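Examining the three-dimensional arrangement
Read off the chains here:
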Amino acid sequence: GAVVSQHPSWVICKSGTSVKIECRSLDFQATTMFWYRQFPKQSLMLMATSNEGSKATYEQGVEKDKFLINHASLTLSTLTVTSAHPEDSSFYICSARRVDYEQYFGPGTRLTVT
Amino acid sequence: RKEVEQDPGPFNVPEGATVAFNCTYSNSASQSFFWYRQDCRKEPKLLMSVYSSGNEDGRFTAQLNRASQYISLLIRDSKLSDSATYLCVSKNTGFQKLVFGTGTRLLVSP
């Protein structure tokens, strides 16, 4: 089966610092990866669509300068939360789309900003 | 109005019960539909796709009514391990984006 990993699985950082989250497709190439955010008791909300070798497409209301996305290879996309604040504390989940258009989710990264 | 709406629950049922979840969607351009299961603090996992003709996978049956823009999931003979949040998901074929409902929480008790 297709496997997607995320690193780190959880992170605690201080307000004002930046945090980088990695999403890797381990056994397939993913030209497209998606980044989601989930607040407690809420649904997954798509933040941005990341295409290998091009700029990410952000959903309405998501600040592209705050959430930097880089998709430099067919197996790796990174999300950097810059100048993190407590309200950025959330569960960040990526998914990678295989050539057959099936999407596979990573295990998520729990970010806590103090 | 949310694009995909679900009753958040929780639905508390005893083991062995049959339980049904409903979901409505507002985007008529949505082409594909799915039910995902999400355990606490975990990523969502695909439970099953939903087809217009209705489909069954073991104890799980999914139905889609395009005219009413309504999707359902029926779970028969509930197990303790079925306790989770069930997410109704739509996908617009053009953009390939998944749109998640807020989920319906199911608690199965002994």
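For the structure itself, consult the block above.
We now turn to the structure provided with this report. Per chain, the residues get numbers from 1 upward, laid out in the order the sequence is written. Going through the entries in the order they are written, you letter the chains from A and number the ligands from 1. Totals for whole chains, interfaces and linings use all residues, but because this is a predicted model, local features are given only for residues with pLDDT of at least 70 and pairs of side-chain atoms are given and counted only at 80 or more. As a rule here, side-chain values cover all heavy atoms of the structure and leave hydrogens and water aside.

1. Some words on the overall build of chain A
- In this text, helices come from DSSP runs of H or I with a minimum length of four residues, and strands from runs of E with a minimum of two, each type numbered from the N-terminal end. Assigned secondary structure in chain A consists of zero helices and 11 strands.
- Reading chain A from its N end, one meets helices and strands in the order β-β-β-β-β-β-β-β-β-β-β.
- Both definitions apply: the radius of gyration is a C-alpha atom measure, and the globule rule equals 2.2 Å times residues to the power 0.38. For 114 residues, the compact-globule estimate of 2.2 N^0.38 gives 13 Å, and chain A sits close to it at 13 Å.
- Summarising its shape, the C-alpha atoms of chain A cover approximately 40 × 25 × 20 Å along the three principal directions.
- Counting every position in chain A, which comprises 114 residues, the buried fraction comes to 49%.
- Residue contacts are counted whenever heavy atoms from the two residues lie within 4.5 Å of one another. In chain A, the share of contacts with a sequence separation of at least 24, taken over all contacts with a separation of at least 6, comes to 53%.
- Each accessible area value is a Shrake-Rupley result obtained with a 1.4 Å probe; residue values ignore everything except the protein chains displayed when judging cover. Total accessible area on chain A stands at roughly 5700 Å², and carbon and sulfur atoms take up 52% of it.
- Here the positive residues are Lys and Arg and the negative ones are Asp and Glu; neither His nor the chain ends is included. Here the site of a charge means NZ on Lys, CZ on Arg, CG on Asp, or CD on Glu. Counting 11 positive and 10 negative side-chain charges, chain A places the averaged centre of each group 5 Å from the other. Three labels apply to residues, based on accessible area from a 1.4 Å probe with only protein chains included: buried if under 20% of the type maximum, exposed if over 50%, partly exposed otherwise in between.

2. Notes on the side chain of Asp82 of chain B
- Relative to the assigned elements, Asp82 of chain B resides in the loop between strand 8 (70-75) and strand 9 (84-92).
- Residue contacts for Asp82 of chain B: discarding those within four places in its chain leaves Arg37, Arg59, Phe60, Ile75, Asp77, Leu106 and Val108 of chain B.

3. Considering the pattern of salt bridges
Residue and element names in this part refer to chain B.
- The rule for a salt bridge is simple: a side-chain nitrogen of Lys or Arg has to be within 4 Å of a carboxyl oxygen of Asp or Glu. Going through the model one piece at a time under the given rule, you end up with seven salt bridges over all chains.
- The salt bridge involving Arg37 is made with Asp39; its shortest N-O contact spans 2.9 Å.
- Note that Lys79 and Asp77 form a salt bridge whose closest N and O atoms lie 2.9 Å from each other.
- Residue classification places Lys79 among the partly exposed positions, given a relative accessible area of 33%.
- A relative accessible area of 36% places Asp77 in the partly exposed class.

4. Topic: the interface of chain B and chain A
- Of the residues lining the interface, 14 residues belong to chain B; the matching set on chain A comes to 17 residues.
- Joining two parts hides part of their accessible area as seen by a 1.4 Å probe, and the buried area is that hidden amount summed over both. Both sides of the chain B and chain A interface together cover about 1300 Å² of buried area, and 53% of this is carbon and sulfur.
- Summed over the shared surface of chain B and chain A, the result is one salt bridge.
- Across the salt bridge formed by Glu59 of chain A and Lys97 of chain B, the nearest N and O atoms sit 3.1 Å from each other.
- Whenever a nitrogen or oxygen atom comes within 3.5 Å of another N or O atom, the pair is scored as a polar contact, on the condition that within protein one atom can donate a hydrogen and the other can accept it, and that pairs from neighbouring residues in sequence are kept only if both atoms are in side chains. Applying the counting rule to chain B against chain A returns four residue pairs in polar contact (both at pLDDT 80 or more).
- Counting only elements with at least two residues in the side of chain B that touches chain A, the list comes to strand 4 (32-38), strand 9 and strand 10 (97-100) of chain B.
- Looking at side-chain class alone, the side of chain B that touches chain A contains five nonpolar, four polar and five charged residues. The residue classification treats Ala, Val, Leu, Ile, Met, Phe, Trp, Tyr, Cys and Pro as nonpolar and Asp, Glu, Lys and Arg as charged. All others, Gly included, are polar.

5. Some words on unusual backbone geometry
- A cis amide bond links His7 of chain A with the next residue in sequence, Pro8 of chain A, at an omega value of 0°.
- Along the chain, the position of Pro8 of chain A falls in the loop between strand 1 (4-7) and strand 2 (10-13).
- The omega angle of the peptide bond from Gly9 of chain B to Pro10 of chain B is 10°, so this bond is cis rather than trans.
- Checked against the element boundaries, Pro10 of chain B lands in the loop between strand 1 (4-6) and strand 2 (11-14).
- The backbone of Ser83 of chain A sits at a positive phi, close to 45°, despite the residue not being glycine.
- On the secondary structure map, Ser83 of chain A appears in the loop between strand 8 (76-81) and strand 9 (90-97).
- For Asp77 of chain B, which is not glycine, the phi torsion reads 50° and is therefore positive.
- Along the chain, Asp77 of chain B turns up in the loop between strand 8 and strand 9.

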